[in-house]
Amino acid sequence: MVARIPLIAGNWKMNKTPAEGDAFVRALATRLGTIEAVEVVVAPPFTGLQAVVSASLGTGITVAAQNLFWEERGAFTGEVAPGMLTSLGVRWVIIGHSERRQLFGETDQIVARKVRSALNHDLRPIMCVGETQEERDAGMTEERLVSQVTKGLAHVTAGEAGELVVAYEPIWAIGTGRTATPAAAQEACALVRRQVAQVLGPAARETVRVLYGGSVTPDNIGDLMRQDDVDGALVGGASLDVESFAVIAERA
Ligand code: PGA
């Protein structure tokens, strides 16, 4: 069995100026020292990427963008190309977060194109999937996750599973304080892993990393990480504070 390195990613969403991001990463690096058993990633808004990458150099912390566009350049007002991100030293990109899907109309087809584009540019995608409360109540969680994983990975090849991270984020748990129980997180993450292997082949089961996201805190990270199919967490609110994010990384 391949040992999958745990991954803790902080999604800052639309928070923090470049100066605040710089200060955060310096403080986080000091606080964490050298932790090697866990990969720690922070995702500032586009405007903070350069400052945060600079602050992260030599620390072991790496940086994600929260979105990208799949074209290389051209008349796409307001969009950011993958090469623009890599030229700053960005290594990861969150794709298809539920806020992008719900507020900005991103479809599974858009997500699939973005995932392909990220891989083409050596940006490691963190592709988000998850069901709404209504879908869960209607017993449609499995159908929803299978569909999102299958469509989102439509253009990924078998050999790329090791570059891929899928974050299971039940929409009802995001920013609500209603974390999925460890058992529910395990069940959904196992399902996501199975479906990735269904799409990309059996070897992907061992190499793809599956994260849980949705109201992760220092108090619940331990129980979540003890689940077999939870390889880490995508953290929103609790990633905005150095101390709480550091404790989450340590407990992971
Ligand atoms: P939350 O957000 O931790 O604030 O619930 C998670 C996310 O949206 O990635």
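Further up the page is the structure itself.
The structure contained in this document is the topic of the report that follows.

Parameters and conventions
- Residues numbered from 1 in each chain as written.
- Predicted model: local features only at pLDDT ≥ 70, side-chain atom pairs only at ≥ 80, totals over all residues.
- Heavy atoms only, no water.
- Pairing = 2+ DSSP bridges.
- Helix = DSSP H or I, 4+ residues; strand = E, 2+ residues; numbered from the N terminus.
- Axes fitted to C-alpha atoms, helices over the stretch in contact; angles between N-to-C directions.
- Parallel < 35°, antiparallel > 145°, perpendicular 65-115°, else oblique.
- Left-handed = near helix turned anticlockwise from the far one by under 90°.
- Contact = heavy atoms within 4.5 Å.
- Nonpolar A, V, L, I, M, F, W, Y, C, P; charged D, E, K, R; others polar.
- Phe/Tyr/Trp six-rings, centres within 6.5 Å; stacked < 30°, edge-to-face > 60°.
- Lys NZ or Arg CZ within 6 Å of the ring centre and 35° of its normal.

**Structural notes on the sheet that holds strand S8 (residues 232-235)**
Whether parallel or antiparallel, the strands of a sheet pair through hydrogen bonds between backbone atoms.
And then number 1: Taken together, the 8 strands give a closed barrel; going around it, the order is S1-S2-S3-S4-S5-S6-S7-S8, and neighbouring strands pair in parallel fashion. Neighbouring strand axes in the sheet, compared pairwise and without regard to direction, differ in orientation by 25 degrees on average.
And then number 2: For strand S5 (residues 124-129) and strand S6 (residues 165-168), the ladder comprises 4 bridges, and the chain directions are parallel. What sits directly across from Met127, in S6, is Val166.

**Some words on the packing of helix H1 (residues 18-32) against helix H11 (residues 242-251)**
And then number 1: Where H1 contacts H11, the axes come no closer than 10 Å and their chain directions differ by 40 degrees. One way to sum up the angle between H1 and H11 is to call them oblique. Taken as a pair, H1 and H11 cross one another with a handedness that is right-handed. Mapping the contact onto sequence places Phe24, Ala27, Leu28, Arg31 and Leu32 in H1 and Val242, Glu243, Phe245, Ala246, Val247, Ala249 and Glu250 in H11.
And then number 2: Tallied by class, residues from the contact of H1 with H11 come to 9 nonpolar, no polar and 3 charged.

**With respect to the packing of aromatic side chains**
And then number 1: Applying the stated rule across the entire model yields 5 aromatic pairs.
And then number 2: With centroids separated by 6.5 Å and ring planes inclined at 45 degrees, the aromatic side chains of Phe24 and Phe245 adopt a geometry described as tilted. Of this pair, Phe24 sits in helix H1 while Phe245 sits in helix H11; the two residues are 221 residues apart in sequence, bridging distant segments of the chain.
And then number 3: An aromatic cluster is defined as three or more aromatic residues linked by ring pairs; in this entry it consists of Trp12, Phe24 and Phe245.
And then number 4: A cation sits over an aromatic face here: Arg124 above Trp92, 3.9 Å from the ring centre.

These results come straight from atomic positions and should not be treated as a statement about function.
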